[in-house]
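Summary of structural features
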Amino acid sequence: KDAIAYAPTDDWSANLVRVTYSQLYYTESKNDFIVDANGTHNYSRYGAWAGSPYGAWNAAFVKFCLNFAQVKPEYLPYDSNFVDWAKKLDDRGLLFTDSYAPAAGDLVFFENSKGDPCRVGIVTGADANSIMTVQGDCDGKVAARSYELTDKDAHSGRYSLHRKGMDYYNGA
């Protein structure tokens, strides 16, 4: 049920983008849901895969894609808590800020008003002025989003670089 048809390569970034695009436009179930004091929570395959079928699934989507792209967590750590995840990456020297030029296959963390990471996306493309991402749990869907690099309200500037994780893996 979680099979993804593609031939993985040694290029984690390319694998991640390929897996990510294979999930584009997935929509959480409107027929399978629970209701509690905080509202209605729809089932998602990413939440189910991560052990919380009715929970928020933005981080679970990215972890799912990383897993199926065969990015090893011992080289590029994953976490369900955005703040802890960013800290693990920063501790490894895998988190970069404003002066970094993002590329396809990188992760981008979006910050809340307190400056804490609150969402994560997979960079699928970038140019001098913008980044293109795919994110999970965007109004209940996997969706493509684009951000201007100068728009600090829409985009935080914290990136995790897969290429550096790959260098770490290769002993560089």
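Our subject is the structure that appears above.
Quick summary incoming for the structure in this document. Because the structure is predicted, anything quoted here is derived from the model rather than measured.

So, how was this worked out
- Residues numbered from 1 in each chain as written.
- Predicted model: local features only at pLDDT ≥ 70, side-chain atom pairs only at ≥ 80, totals over all residues.
- Heavy atoms only, no water.
- Helix = DSSP H or I, 4+ residues; strand = E, 2+ residues; numbered from the N terminus.
- Buried < 20%, exposed > 50% of the residue type's maximum accessible area, 1.4 Å probe, protein only.
- Contact = heavy atoms within 4.5 Å.
- Areas by Shrake-Rupley, 256 points an atom, 1.4 Å probe, with all protein chains shown as cover.
- Polar contact = N/O pair within 3.5 Å; in protein donor to acceptor, adjacent residues only side chain to side chain.
- Pairing = 2+ DSSP bridges.

1. Looking at the overall build of the protein
- A tally of regular secondary structure across the protein gives 5 helices and 8 strands.
- Listing every helix and strand of the protein by position from the N terminus yields α-β-β-α-α-α-β-β-β-β-β-β-α.
- Sorting the 172 residues of the protein into buried and exposed places 44% on the buried side.
- Restricting the contact set of the protein to residue pairs at least 6 apart, pairs at least 24 apart contribute 48%.
- Accessible surface computed for the protein: about 8700 Å², of which carbon and sulfur atoms make up 48%.

2. Quick word on the environment of Glu-148
- With respect to the helices and strands, the residue Glu-148 is situated in strand E7 (residues 141–148).
- It is 9.3 Å that separates the C-alpha atoms of Glu-148 and Ala-128, two residues lying 20 residues apart in sequence.

3. Some remarks on the side chain of Asp-79
- With respect to the element layout, Asp-79 can be found in the loop between helix H3 (58–68) and helix H4 (82–91).
- Here Asn-81 takes part through its backbone nitrogen, which lies 2.9 Å from a polar atom of the side chain of Asp-79.
- Residues in contact with Asp-79, not counting those within four places in the same chain, are Ala-59, Lys-63, Asp-84, Trp-85 and Lys-88.

4. Regarding the pairing of strand E6 (residues 130–138)
- For E6, the tally of buried residues reaches 7 of 9 residues, placing the bulk of the element in the interior.
- Sheet analysis places strand E5 (residues 117–126) next to E6, joined by 4 bridges and oriented antiparallel. Directly across from Ala-126, in E6, lies its bridge partner Ile-131.
- Linking two consecutive strands that pair antiparallel, namely E5 and E6, is a turn of 3 residues.
- Here E6 pairs with E7 via 7 bridges, running antiparallel.

5. Comments concerning the environment of Pro-102
- Position of Pro-102 relative to the elements: it lies in the loop between strand E3 (95–96) and strand E4 (107–111).
- The exposure class assigned to Pro-102 is buried, which follows from its relative accessible area of 12%.
- Each C-alpha atom, one on Pro-102 and one on Val-123, is 7.4 Å from the other, the two residues being 21 residues apart in sequence.

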